[in-house]
Amino acid sequence: MARERQVAGGGRAVEVAPDRLEGWYARFAVRNEGVRETELSPGTVTVVASNGVKAVASVPFGPLNAEGTVPGLAVGPLVEHALISRRIALLLVRRGGHSVGIARGGVVVQSRTDRHLVQGRSAAGGWSQQRFARRREGQARSALRSAADDAFEVLVPQLSEVDAVVLGGDRRALESLRDDKRLAPLFERAEARVLDIAEPRRTVLEDAAERAAAVEITLSGP
């Protein structure tokens, strides 16, 4: 089943596995009284239904080698592009842990996962609150340093062998890691999409490996 979420400004986005794309678009056409046209570009594929609904797919691992507007449903280039089996580096980070790995065809083939203690905020005031805040900041720095070390040791040496890099988790944590110069080559290769994930675990990494290969389609209109 496609994963779905609401998007800012209205509409919704779905993640569709490559092997389900063709069927998803066929059902989209049936639900929306047919398809008027398909707009192909290197970064997006926009399908405009007869009733005005639009399905805008962000091309993963682009660019797409197709461009132009075609009458009717013409998503063959996108489906073919999405079905290519790729070796993907995954970096997942949240406050309570991190997970890094290499996936091929949606399957994790190498990984490292670690959990961290970062305490929540304290309701105490005065000096107690300040001491607690310093301790919490120290735990957060230690957690991010551990995540950076694992990303550097596991992912960076294999960058020449991967087709793409996909990030997931807390954006502020990821931005902190971006400041680590050792990881600059990793972030330079990263896809724009950041996966929304739970606290990283091995099972979360496995789910992210499948989601990384999916195509995200945003639906809007009548």
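Residues numbered from 1 in each chain as written. Predicted model: local features only at pLDDT ≥ 70, side-chain atom pairs only at ≥ 80, totals over all residues. Heavy atoms only, no water.

A.B. asks: Got a minute to help me understand the packing of aromatic side chains in this structure?
C.D. replies: Here a ring pair, both rings aromatic, is described through the centre-centre distance and the interplanar angle of the planes. Across all of its chains, the model carries two aromatic pairs by this definition. Between tryptophan 24 and tyrosine 25, the ring centres sit 5.1 Å apart and the planes meet at 90°, which makes this aromatic pair edge-to-face. Residue class for tryptophan 24 comes out buried when judged on its relative accessible area of 8%. The exposure class of tyrosine 25 is buried, given its relative accessible area of 0%. (Phe/Tyr/Trp six-rings, centres within 6.5 Å; stacked < 30°, edge-to-face > 60°. Buried < 20%, exposed > 50% of the residue type's maximum accessible area, 1.4 Å probe, protein only.)

A.B. asks: Would you take a moment to explain the side chain of arginine 86 for this structure?
C.D. replies: Residue position: arginine 86 is located in the loop between helix H2 (76–82) and strand S7 (87–94). For the buried residue arginine 86, which engages in no salt bridge, the nearest side chain bearing the opposite charge is aspartate 163, 5.9 Å off. Among the polar contacts made by the side chain of arginine 86, one reaches the main-chain carbonyl oxygen of isoleucine 84 at a distance of 3.3 Å. The contact partners of arginine 86, leaving out residues within four places of it in the chain, are Phe61, His81, Ala103, Arg104, Gly105 and Asp163. (Helix = DSSP H or I, 4+ residues; strand = E, 2+ residues; numbered from the N terminus. Lys, Arg positive; Asp, Glu negative; His and termini not counted. Salt bridge = Lys/Arg side-chain N within 4 Å of Asp/Glu carboxyl O. Polar contact = N/O pair within 3.5 Å; in protein donor to acceptor, adjacent residues only side chain to side chain. Contact = heavy atoms within 4.5 Å.)

A.B. asks: Any chance you could explain the pairing of strand S5 (residues 54–58) here in plain terms?
C.D. replies: Along any regular strand, the residues point their side chains to alternate faces of the sheet. Only one face of S5 is covered, namely the face carrying Ala55 and Ala57; the face carrying Lys54, Val56 and Ser58 is uncovered. Looking at chain direction, S5 and strand S12 (residues 215–220) are connected through five bridges and run antiparallel. Note that in S12 the partner of valine 56 across the bridge is threonine 218. (Pairing = 2+ DSSP bridges.)

A.B. asks: Which parts of the structure should I look at to understand the environment of glycine 34?
C.D. replies: Here glycine 34 shows up in the loop between helix H1 (21–31) and strand S3 (35–40). Considered as a pair, glycine 34 and valine 48 are 14 residues apart in the sequence and their alpha carbons are 9.0 Å apart. Each residue touching glycine 34, except ones within four places of it in the same chain, is listed here: Ala29, Ala49 and Ser50.

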